[in-house]
Amino acid sequence: QVQLVESGGGLVQPGGSLRLSCAASGSIFSIYVMGWYRQAPGKQRELAASITSSGSLTYADSVKGRFTISRDNAKNTVFLQMNSLKPEDTAVYYCNANLRHAATLRRDNYWGQGTQVTVSS
């Protein structure tokens, strides 16, 4: 079994900051990419940011300069620091890990349960 457990969501005023965390645990051989996706009401899930095991970064244009993704490989944990938050950042944020399962050796995508981020005054 592999689990991704997220924390750090909540309600924040426009211009404020939040930090999301996601820890992966279980039967993990190797994690290749970790990332954060988000889904606003009535919209498709989209990539916000991702980071590879070697540190290569990808950001959606809408979050560049405001969000910073980082990773602790030793603890299988990924973080998303979100600054200058806007109402349009309101969404459920999902942690994603592309990893190889230690028992099956299959490489698959795994998802967290999601954490709500609401930006409102």
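What comes next is a walk through the structure. (Residues numbered from 1 in each chain as written. Predicted model: local features only at pLDDT ≥ 70, side-chain atom pairs only at ≥ 80, totals over all residues. Heavy atoms only, no water.)

**What about unusual backbone geometry?**
Trans is the prevailing form of peptide bonds, just as negative phi is the prevailing case for residues other than glycine. Positive phi values are uncommon outside glycine, yet N76 reaches one of about 50 degrees. Non-glycine residue L105 carries a positive phi angle of around 65 degrees. In this fold, L105 is placed in the loop between β9 (91-101) and β10 (107-111). Accessibility expressed as a relative area gives 46% for L105, which makes it partly exposed. (Helix = DSSP H or I, 4+ residues; strand = E, 2+ residues; numbered from the N terminus. Buried < 20%, exposed > 50% of the residue type's maximum accessible area, 1.4 Å probe, protein only.)

**Quick notes on the nonpolar core**
Residues L4, W36, I69, V78, L80, M82 and Y93 are the most contacted members of the largest nonpolar core, which totals 30 residues. Contributions of two or more residues to this core are made by β1 (2-7), β3 (18-26), β4 (28-39), β5 (46-52), β7 (67-72), β8 (77-82), β9 and β11 (115-119). Sequence-distant contacts of M82, defined by excluding residues within four places in its chain, comprise G16, S17, L18, L20, R66, F67, Y93 and V117. (Core = buried A, V, L, I, M, F, W, Y, C linked by side-chain atoms within 4.5 Å. Contact = heavy atoms within 4.5 Å.)

**Observations concerning the side chain of S50**
Relative to the assigned elements, S50 resides in strand β5. A residue is classified by how much of its surface remains accessible, and S50, at 12% relative accessible area, is buried. Apart from the residues within four sequence positions on either side, S50 is in contact with V33, M34, G35, S56, L57, T58 and I69.

**A closer look at the sheet that holds β3**
Judged by pairing direction, the sheet is antiparallel, and its four strands sit side by side in the order β1-β3-β8-β7 without closing on themselves. Single-partner strands in this sheet number two, and they are β1 and β7. Here the average twist between neighbouring strands, direction ignored, is 15 degrees. Relative to β8, β7 runs antiparallel, the two being bridged by six bridges. (Pairing = 2+ DSSP bridges. Axes fitted to C-alpha atoms, helices over the stretch in contact; angles between N-to-C directions.)

**As for the packing of aromatic side chains**
Summed over the entire model, instances satisfying the criterion amount to one aromatic pair. Here Y37 and W111 contribute two aromatic rings whose centre-to-centre distance is 5.0 Å and whose plane-to-plane angle is 65 degrees, an arrangement assigned as edge-to-face. Taken together, the positions of Y37 in strand β4 and W111 in strand β10 put the pair 74 residues apart, joining distant regions of the chain. Residue classification places Y37 among the partly exposed positions, given a relative accessible area of 25%. One residue, R45, lies across the ring of W111, its end atom 4.7 Å from the ring centre. (Phe/Tyr/Trp six-rings, centres within 6.5 Å; stacked < 30°, edge-to-face > 60°. Lys NZ or Arg CZ within 6 Å of the ring centre and 35° of its normal.)

**Considerations on the pattern of salt bridges**
When the charged atoms of two side chains with opposite charge come close together, those side chains can pair. According to the stated counting rule, one finds five salt bridges in the structure shown. A salt bridge links R106 to D108, with the shortest nitrogen-to-oxygen separation between them at 3.2 Å. Taken together, the shared-partner salt bridges connect R38, E46, R66 and D89 into one network. (Salt bridge = Lys/Arg side-chain N within 4 Å of Asp/Glu carboxyl O.)

**Considering the pairing of β5**
In the sheet, β4 pairs with β5 via six bridges, with the strands oriented antiparallel. From the neighbouring strand, M34 faces β5, where its bridge partner is I51. Hairpin connection of β4 to β5: six residues between the antiparallel strands, including G42 at a positive phi of 80 degrees. Of the strand pairs in this sheet, β5 and strand β6 (residues 57-59) are connected by three bridges, and their pairing is antiparallel. Across the sheet, residue S50 finds its bridge partner in β6, namely T58.

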